[in-house]
Amino acid sequence: MKDARHHPKIETLADFAAGRLDEARAVVIATHAAFCEQCAAQIDEFEAIGGAVMETAEPVAMADDALERVLARADASANVVFRDQPASDTRSDLPEDRLPVSAYLKGSIDDVDWRAVAPGISQHVIEAEGYRPGVLRLLKIEPGVKMLAHSHQGDELTLILRGAYRDDIGEFGVGDLADLDGEHTHQPEAIGDEPCICLIATSAPLRFTTMLGRIAQPFVGM
């Protein structure tokens, strides 16, 4: 593995380690950790701290439905595989079919059934539990194409799987992750010679800043 340039917030990694993220966002973080040694180590540290706390915590009474709720949560995230690739794998040679998101695809990224949502932009919705259906998706942006400018009503996790994009925050390449919230407005533009393919999970609808974006939003589903 090799460190990415852009990482999730430390709070997001802690929530992932504690099982507080929904399935959609957990898939994105798990896939980023497969690229990023730094974040994988941080998750291990959080999990170790959590285990130590559990060992020293005083027992407390549980609600009658506690077991059912835990099992339901486990079922929702059953497909989220953290990382199982050898430590010698690097960002440049990590097979895509070894990434956690690959468990959610029928075949490889090359086999994805893309649906056009705007000129030069296509998406593929992935079934995963989130705040509503359809909040985990692959987005493909053709070279030189800009997304519509938008901000966020909740969290947006965007992980680059192929290609690269540039926005007001910086340049993002394979393995980089943008962990954005309502304080950020951006307009990613695909750069380089190949399409930029991103894995995106959101915890609330996007907030488009243009009339065109607001008109298109019901059709795009983001």
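Residues numbered from 1 in each chain as written. Predicted model: local features only at pLDDT ≥ 70, side-chain atom pairs only at ≥ 80, totals over all residues. Heavy atoms only, no water.

### Regarding the overall build of the protein
Thinking step 1. When helices and strands are tallied, the protein shows 5 helices and 11 strands.
Thinking step 2. The proportion of buried residues among the 222 residues of the protein is 45%.
Thinking step 3. A total of about 11500 Å² of accessible surface is found on the protein, and carbon and sulfur atoms cover 53% of it. (Helix = DSSP H or I, 4+ residues; strand = E, 2+ residues; numbered from the N terminus. Buried < 20%, exposed > 50% of the residue type's maximum accessible area, 1.4 Å probe, protein only. Areas by Shrake-Rupley, 256 points an atom, 1.4 Å probe, with all protein chains shown as cover.)

### Considering the sheet that holds strand E6 (residues 164–166)
Strands belonging to one sheet form pairs held by backbone hydrogen bonds; the direction of such a pair is parallel or antiparallel.
Thinking step 1. Strand order across the open sheet formed by 3 strands is E7-E6-E9, with antiparallel pairing between neighbours. Two strands close off the open sheet at either side, each with one partner strand: strand E7 (171–172) and strand E9 (189–191).
Thinking step 2. Across 3 bridges, the pairing between E6 and E9 is antiparallel. Note that in E9 the partner of arginine 166 across the bridge is glutamate 189. (Pairing = 2+ DSSP bridges.)

### Remarks on the nonpolar core
Thinking step 1. Val28, Ile29, Ile126, Leu136, Leu138, Leu161 and Leu199 are the most contacted members of the largest nonpolar core, which has 36 residues in total.
Thinking step 2. Contributions of two or more residues to this core are made by helix H1 (10–17), helix H2 (23–35), helix H3 (37–56), strand E3 (136–141), strand E5 (156–162) and strand E10 (196–202).
Thinking step 3. Not counting chain neighbours up to four residues away, the residues in contact with leucine 136 comprise Ala24, Val27, Val28, His124, Val125, Ile126, Ala128, Leu199, Ile200 and Ala201. (Core = buried A, V, L, I, M, F, W, Y, C linked by side-chain atoms within 4.5 Å. Contact = heavy atoms within 4.5 Å.)

### Some words on the side chain of serine 122
Thinking step 1. With respect to the element layout, serine 122 can be found in strand E2 (residues 121–126).
Thinking step 2. Owing to a relative accessible area of 14%, serine 122 belongs among the buried residues under this scheme.
Thinking step 3. When residues no more than four places from it in sequence are discounted, the contact partners of serine 122 are Trp114, Arg115, Ala116, Val117, Leu138, Leu139 and Lys140.

### Let's talk about the environment of lysine 140
Thinking step 1. As for its placement among the helices and strands, lysine 140 is situated in strand E3.
Thinking step 2. In sequence terms lysine 140 and proline 195 are 55 residues apart; their C-alpha atoms lie 6.3 Å from each other.
Thinking step 3. Setting aside anything within four residues of it in sequence, one finds lysine 140 in contact with Trp114, Gly120, Ile121, Ser122, Pro195, Cys196 and Ile197.

### So, H2
Thinking step 1. Helix length check: H2, at 13 residues, gives a terminal C-alpha distance of 19 Å against a target of 18 Å (1.5 Å per residue), a fit within 8%.
Thinking step 2. Burial analysis of H2 places 13 of its 13 residues in the buried class, the great majority of the element.
Thinking step 3. Regarding H2, its N-cap is aspartate 22, as a side-chain oxygen of that residue lies 3.3 Å from the backbone nitrogen of alanine 24 further along. (Expected span 1.5 Å × (residues − 1). Polar contact = N/O pair within 3.5 Å; in protein donor to acceptor, adjacent residues only side chain to side chain.)

### As for the sheet that holds E3
Thinking step 1. In space, the 6 strands of this open sheet follow the order E1-E2-E3-E10-E5-E8, with antiparallel pairing throughout. Of all the strands in the sheet, the pair left with one neighbour each is strand E1 (115–118) and strand E8 (177–180). Strand-to-strand twist across the sheet, computed as the mean angle between neighbouring axes with direction ignored, equals 25°.
Thinking step 2. Sitting on the sheet, H2 touches E3, E5, E8 and E10, and the angle it makes with E5 is about 45°. (Axes fitted to C-alpha atoms, helices over the stretch in contact; angles between N-to-C directions.)

### Let's talk about the pattern of salt bridges
Side chains that carry opposite charge are capable of pairing whenever their charged atoms lie near each other.
Thinking step 1. For the structure shown, the criterion picks out 7 salt bridges.
Thinking step 2. Note that glutamate 171 and arginine 166 form a salt bridge whose closest N and O atoms lie 3.4 Å from each other.
Thinking step 3. Its relative accessible area of 39% is what places glutamate 171 among the partly exposed residues. (Salt bridge = Lys/Arg side-chain N within 4 Å of Asp/Glu carboxyl O.)

### Examining the confidence of the model for the protein
Any residue range with low pLDDT should be treated as having predicted coordinates unsuitable for detailed reading.
Thinking step 1. Averaged over every residue, the pLDDT of the protein is 78; residues scoring 70 or more account for 68%.
Thinking step 2. Overall, residues 82–93 carries pLDDT values under 50, and its contacts beyond four positions in sequence, including any with other chains, amount to 32 contacts. (pLDDT = per-residue confidence, 0-100.)

### Focus on the state of the cysteines
Thinking step 1. Taken as a whole, this structure holds 0 disulfides when the rule is applied.
Thinking step 2. Looking at the unpaired cysteine 36, the closest cysteine sulfur is the one in cysteine 39, lying at 3.7 Å. (Disulfide = S-S within 2.5 Å.)

### Section: the side chain of threonine 31
Thinking step 1. As for its placement among the helices and strands, threonine 31 is situated in helix H2.
Thinking step 2. What threonine 31 contacts, discounting residues up to four positions off in sequence, is Leu99, Pro100, Val101, Leu159, Leu161 and Leu199.

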